[in-house]
Amino acid sequence: MVGRTKGQAHPARARGEASPRPAGRGTARRLRCLTVLPLLAGLLSCGSSKPDGPVSLNWYNFPDDSGALAEAAINCTRASGGRYRIAYNKLPRGADGQRQQLVRRLAAHDALDILGLDVTWAAEFAEAEWILPWTGSNRRSATEGTLEVPLQTATWKGKLYAVPYNTNTQLLWYRSDLVPKPPKTWAEMLDMARDLAKEGKPHYVEIQGAQYEGLTVWFNTLVESAGGSILNAAATAPSLGPPAVQAATIMHDLATSPAADPSLSNQMEDQNRLAMESGTAAFELNYPFVYPSMKANKPELFKSFRWAPYPGVDPGRPSKPTIGGIDLAIGAYSRHPGLAFEAALCLRNRQNQMTAALKGGLPPTLRALYTDKALTKSYPFASEVLSALENASVRPQTPAYQNVSIAISHTLSPPSGIQPRSDVENIGSQIEDALQSKGLIP
């Protein structure tokens, strides 16, 4: 996910030590038992799958201020009938910090149970054998009624490695007092912004232009909307080509037009939200969290705050906004993988996804919820979100994604300095090096 801010990591470590590979857990456990039994003299039942009281399952996820995640952990603990207790451990707020903590602990074979993965991490974690595949009845339960594109983010080499917990996608938000009819393409939107600027009216287009993951998302959305992709279908080489040049050209055109916010090259999602609420912008490309914020903070502007599909690149070709979200994976070194799979399914069930949507503003991954009256009352744009999700794109799926993203965001920053053809060639060269594990990434 992108756009998170500074936070504090939970200090707790998973208790105990695990074997280097899941297949060796039984052997390692017996060896540990032989070591500790003389010391404990029968005080412990070593290797018991159920110690006194319920099994403790540690769930590591982003910090949630709404209380929805903590409520889900409590709900599922109660639903287990005393078989397990879910401890919700908060990771850092920033996606980079979250990944860093999980990677370090999994590389040390820590016994983590349930992992909240950013939608770009499944390939990397699966390739490293840090997470377990979903098979049999667990896979059937994970996929039943779940939106297809979020499932793609959790799939690597044909295997499902996580269950989508929540998803996210951007819409076009605009002021109907300035723009009675929303634009359908980027060219239309920039023309409208220029006309508003000539009239001395608010006219900025707010979007994520800082040198970070949000810039990669913007580029990926435009490339996919132009009919292209960043990687080939096998994720073995860059694809790019004319659609990428077209995408980079649109980014440059915005950045050098009156539509560009002066702070574009430093803006992330929350800065976009604040700029829109300040009254200087006419358009905003952002996630649904901006809707309740505008309602609470600027009721006078909220009266004309509207939404529409993300603008397309070409007339007649639908846009393909890049989705975000969190997928729940099971750690390969968990001591209780069976219970962890069961608990993960509970954490993302209908009740808990509804709570996360209503309290935390997190769009669900279960299709049926988008027609539930409880959701549509708070999400009047639910049908537009569902439509966007059904036509959405995912970020390049590769274990080298972090390097791919850095290559894009560094090359295209600042957007006003983009040289479309040469920059796309440069990105392609850096991606090829990253996929072949050679070369240095800036």
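What counts, and at which threshold
- Residues numbered from 1 in each chain as written.
- Predicted model: local features only at pLDDT ≥ 70, side-chain atom pairs only at ≥ 80, totals over all residues.
- Heavy atoms only, no water.
- Helix = DSSP H or I, 4+ residues; strand = E, 2+ residues; numbered from the N terminus.
- Buried < 20%, exposed > 50% of the residue type's maximum accessible area, 1.4 Å probe, protein only.
- Contact = heavy atoms within 4.5 Å.
- Areas by Shrake-Rupley, 256 points an atom, 1.4 Å probe, with all protein chains shown as cover.
- pLDDT = per-residue confidence, 0-100.
- Expected span 1.5 Å × (residues − 1).
- Pairing = 2+ DSSP bridges.
- Axes fitted to C-alpha atoms, helices over the stretch in contact; angles between N-to-C directions.

Residues and numbers for the overall build of the protein, please.
For the protein, the helix and strand inventory stands at 18 helices and 11 strands. Residues counted as buried form 54% of the 442 residues belonging to the protein. Across the protein, the fraction of contacts at a sequence separation of at least 24, relative to all contacts at a separation of at least 6, is 74%. Accessible surface computed for the protein: about 18,800 Å², of which carbon and sulfur atoms make up 52%.

I'd like a description of the confidence of the model for the protein, backed by residues and values.
On average, the protein scores 89 in pLDDT, and the residues at 70 or more come to 87%. Across residues 1-50, where pLDDT falls below 50, the model places 78 contacts with residues more than four positions away in sequence or in other chains.

Give a detailed account of helix α18 (residues 420-435), specifying residues and quantitative values.
Compared with the 22 Å implied by 1.5 Å per residue over 16 residues, the 22 Å span of α18 between its first and last C-alpha is a close match. Residues of α18 that are buried make contact with α9 (242-255) and α17 (401-411).

Describe the sheet that holds strand β9 (residues 281-286), with residues and values.
Across the sheet, four strands lie side by side as β8-β9-β7-β10; this open sheet has mixed pairing. The open sheet is flanked by β8 (204-206) and β10 (305-308), the only strands paired with a single partner. Across the sheet, the mean angle separating the axes of adjacent strands is 20° when strand polarity is ignored. Direction of pairing for strand β7 (residues 171-175) relative to β10: antiparallel, over a ladder of four bridges. Bridging from a neighbouring strand, L172 pairs with A308 of β10. Helix α10 (residues 269-278) contacts β7, β8, β9 and β10 of the sheet and is inclined by roughly 155° relative to β9.

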